[in-house]
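# Survey of secondary and tertiary structure
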Amino acid sequence: MPGLGEGVPELLEAGVADDAPFMVEGTVASAAGRERGGLSSIWIGGAVVAHDLGVVDSVAVNVMVSPGLMRRELVVAGRTLGETVLVAPTLPLLAYQLRVPPNGANSPPSTLTVTLLPGASSGRFRVTDGSIVVDGDAQTVLTTTPPLEWSIEQSPGRGLVARAEIPPSTEVPLSYTVLISAGEDVRVRTALRAGAHLAAHERRATSPPDSDFEVRSGHPTIDDAVGWAHSRVSTALHRAEQPSSIDELVVTGLGALAAADIDAAHEALTAAREIAAPGDPLPVLLAARITLTGGDTRPAERALEDVQAHPLEGDGLLRAESLRSLADAVAYAASDDVVARLREVASIRPAAGGGVKLPMAGQALVDPGDPTDLIAWLLASGGGREPTGRIPDPLAAWVASRQGNALEAWQLWRGTLDLGLGAHPHGRGSWDDAAATSGRAGAGLVIATLVHGILGWHPDAPMGRATFSPVLLGHLTKLDIEGLLVGDVRIDLAYRREGSTIRYALNPRSGKAPPLLVFSPLVPGPVQEVSMDGQAVEADAAVQDHGHRLSFQFALDRPREVLIRLAEGEPGPDSH
């Protein structure tokens, strides 16, 4: 199904078109519909500007979907048309292209239809040179290349119904491209000029978000699924998609943080504060986590002011974890008395020697009773005890990984990836579920479970340190993660396993202040030797249900390579 730049999307799900929904989205524009039908709605700038875009009486038979692009084969009047829908990643622009194959001279023309400005049938409009301009609260412009002859019908209560005939091709294939933009006049003109570079927009729309975070495991399904999830989280937050609940918004923000997307996490925090009731602990938790990840103390200081004005309410566990995270986040930004009071209210006992346990370590005070409590329980305890009630599927992998069960964790996490990318029942790459119209929280949990659960990555930027306690599958031989974040330092991880030898390469590729890394991997058996940069390392070792937990710390002031050699005869790569 060629079109636009003729390239194959980097993130791609393909198959036979079904009645499942789809969505292609950017930070400003998005479009949704069902795979066999037309585009049911087009949003630009947070408002629906058009709907029912498509070829009359056509049925899609095959489909390829990427985060910002969809290609389909349409069957209509005995012939096949190629269709491409592209949402520009950062512009108020949607491109819709039809490709008519050659030797169709005997076929009847097809009718392309779209309804503009729904519910504003009194809006002023004009048609010129194949373009339709609708003036309302903001201007909506539709333009075509080559120009098409549009007929307009004002439909009371629906908007302006526009129709144009697409003639059959003869000896050569023909393409017709429709561009739709809306908003302020200057932005619309900029977007339409950018329509001359659709191939470049396609490359960006079908790739992971512009970010330093990337996963490469050698398994395209895994790598693509993480890219899809990252795109789903970032575009939804930057577009200020209306949340169904504050829980969903904060979980999405935690996913953005796991992918080191601080800007998107700030968007989530701003929206959460707008809808949160005084005393709600969730915005406090997210604000503290933003500070712990990025090092900017302002979000945590603002949260501290809120807590001092309105004591936290709700579940005791969630309050405790929010206050503990806040205490860690403002450790250097508030007085010792204030920090001590936060810890006291959170019922946290100092560790031996007067120290404070690292973020996301310790024991849960109570078992969780609902998904929000479970998130707090995971952050607080690392899954040391079984929670009560049913664990939501996206979080079960997190629980298993923190309990050291690498096989169960990986299987559950892979199942969540497959669910998100599958076409049934709620659309490819959506992570939607039956109870929600948006799957961005599920997509956020995919990333958070990988980074915080399976990798055990927990930054404490104000203290200049991070905990790294991976629980990796025995037969996983390769995993590269780019862009783990603590403060201003971005760290690349390369994991390799060959037989009884395990290697972790950690490269701090940016930042000024090297963090202290508390390194605590779980390995499947007794250890014969541990070395770092070729020098032997003394490491504490503790026997656990699913292996041996090593623990030591070092300054990540340069690229480091840790080599772990298991004792002879211990489990090999296929042991799990």
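Look up a bit, the structure's there.
Please read all numbers here as calculations on a predicted model, not as lab measurements. (Residues numbered from 1 in each chain as written. Predicted model: local features only at pLDDT ≥ 70, side-chain atom pairs only at ≥ 80, totals over all residues. Heavy atoms only, no water.)

### A closer look at the pattern of salt bridges
Counted under the stated rule, the structure contains 24 salt bridges. Put simply, Glu25 and Arg232 hold a salt bridge, and the shortest N to O gap is 3.2 Å. One end of the pair, Glu25, is in strand 2 (residues 21–25); the other, Arg232, is in helix 3 (residues 220–238), with 207 residues separating them in the sequence. Neither Glu25 nor Arg232 differs from the other in exposure class; each is buried. The shortest N-O distance in the salt bridge between Asp480 and Arg216 comes to 4.0 Å. One end of the pair, Asp480, is in strand 20 (residues 478–486); the other, Arg216, is in strand 17 (residues 214–216), with 264 residues separating them in the sequence. Residues participating in the shared-partner salt-bridge network are Glu214, Arg216, Asp480, Glu482 and Arg496. (Salt bridge = Lys/Arg side-chain N within 4 Å of Asp/Glu carboxyl O. Helix = DSSP H or I, 4+ residues; strand = E, 2+ residues; numbered from the N terminus. Buried < 20%, exposed > 50% of the residue type's maximum accessible area, 1.4 Å probe, protein only.)

### Considering the pairing of strand 3 (residues 29–34)
Burial analysis of strand 3 places five of its six residues in the buried class, which makes it a mostly covered element. In terms of strand pairing, strand 2 meets strand 3 through five bridges, oriented antiparallel. Directly across from Pro21, in strand 3, lies its bridge partner Arg34. Note: strand 3 against strand 4 (residues 39–44), five bridges, orientation antiparallel. Each bridged residue has a counterpart across the sheet, and for Ser30 the counterpart in strand 4 is Trp43. Between the antiparallel neighbours strand 3 and strand 4 lie four residues. (Pairing = 2+ DSSP bridges.)

### Focus on the packing of aromatic side chains
This model, assessed by the stated rule, comprises nine aromatic pairs. With a centroid separation of 5.4 Å and an interplanar angle of 50°, the aromatic rings of Trp410 and Trp413 are classed as tilted. Of this pair, Trp410 and Trp413 both sit in helix 12 (residues 406–421), three residues apart, which is roughly one turn of that helix. Accessibility assignment for this pair places Trp410 and Trp413 in one class, buried. (Phe/Tyr/Trp six-rings, centres within 6.5 Å; stacked < 30°, edge-to-face > 60°.)

### Focus: the nonpolar core
If you look at the biggest cluster of nonpolar residues, it comprises 138 residues, and the most contacted ones within it are Ile42, Leu94, Tyr96, Leu112, Leu326, Trp413 and Tyr504. For this core, the element with the most residues is helix 13 (residues 440–454), which contributes nine residues. Beyond its immediate stretch of four places on either side in the chain, Tyr504 contacts Phe468, Pro470, Leu472, Leu493, Ala494, Tyr495, Phe519, Pro521, Arg560, Glu561, Val562 and Ile564. Core analysis: the next-biggest nonpolar cluster, separate from the first, contains 11 residues, Leu69, Leu91, Leu93 and Ala191 among them. (Core = buried A, V, L, I, M, F, W, Y, C linked by side-chain atoms within 4.5 Å. Contact = heavy atoms within 4.5 Å.)

### With respect to the side chain of Asp224
Among the secondary structure elements, Asp224 is positioned in helix 3. Although Asp224 lies buried, it forms no salt bridge, and the closest oppositely charged side chain, Arg414, sits 11 Å away as judged by the N-O distance. Residue contacts for Asp224: discarding those within four places in its chain leaves Glu10, Leu11 and Leu12. (Lys, Arg positive; Asp, Glu negative; His and termini not counted.)

### Considerations on helix 7 (residues 298–309)
Relative to the 16 Å expected for 12 residues at 1.5 Å per residue, helix 7 spans 17 Å between its end C-alpha atoms, a close match to the ideal helical length. Those residues of helix 7 lying buried are Pro299, Ala300, Ala303, Leu304 and Val307. All buried residues of helix 7 project into a common sector of 140° when viewed along the axis, lining one side. Turned more than 90 degrees away from the buried face of helix 7, the exposed residues are Arg298, Glu305, Gln308 and Ala309. For helix 7, the secondary structure elements touched by its buried residues are helix 5 (262–275), helix 6 (281–294), helix 8 (316–329) and helix 9 (336–345). (Expected span 1.5 Å × (residues − 1). Arc of directions from axis to C-beta.)

### Quick look at the pairing of strand 8 (residues 79–87)
The element strand 8 is largely enclosed, with a buried count of eight among its nine residues. In this structure, strand 7 (residues 69–76) lies alongside strand 8, joined through eight bridges in antiparallel fashion. Following the sheet pairing, Arg72 is matched in strand 8 by Glu83. Between strand 7 and the antiparallel strand that follows it, strand 8, lie two residues; Ala77 among them carries a positive phi value of about 50°.

### Here's the deal with the sheet that holds strand 22 (residues 501–508)
Pairing is antiparallel across the open sheet formed by seven strands, whose spatial order is 17-20-21-22-29-25-26. Each edge of the open sheet carries a strand with a single partner, namely strand 17 and strand 26 (535–536). Strand direction decides the pairing type here: strand 25 (residues 527–532) and strand 26, joined by two bridges, are antiparallel. Looking at the pairing, Ser531 lines up with Ala536 of strand 26.

### Let's talk about the packing of helix 3 against helix 13
Their axes nearest at 8 Å, the elements helix 3 and helix 13 cross at an angle of 125°. Here helix 3 lies oblique to helix 13, going by the angle between them. Crossing hand, helix 3 versus helix 13: left-handed. Between helix 3 and helix 13, the residues in contact are Val226, Ala229, His230, Arg232, Val233, Ala236 and Leu237 and Arg440, Ala443, Gly444, Val446, Ile447 and Leu450, respectively. When the residues that make up the contact of helix 3 with helix 13 are grouped by side-chain class, the tally is nine nonpolar, two polar and two charged. (Axes fitted to C-alpha atoms, helices over the stretch in contact; angles between N-to-C directions. Parallel < 35°, antiparallel > 145°, perpendicular 65-115°, else oblique. Left-handed = near helix turned anticlockwise from the far one by under 90°. Nonpolar A, V, L, I, M, F, W, Y, C, P; charged D, E, K, R; others polar.)

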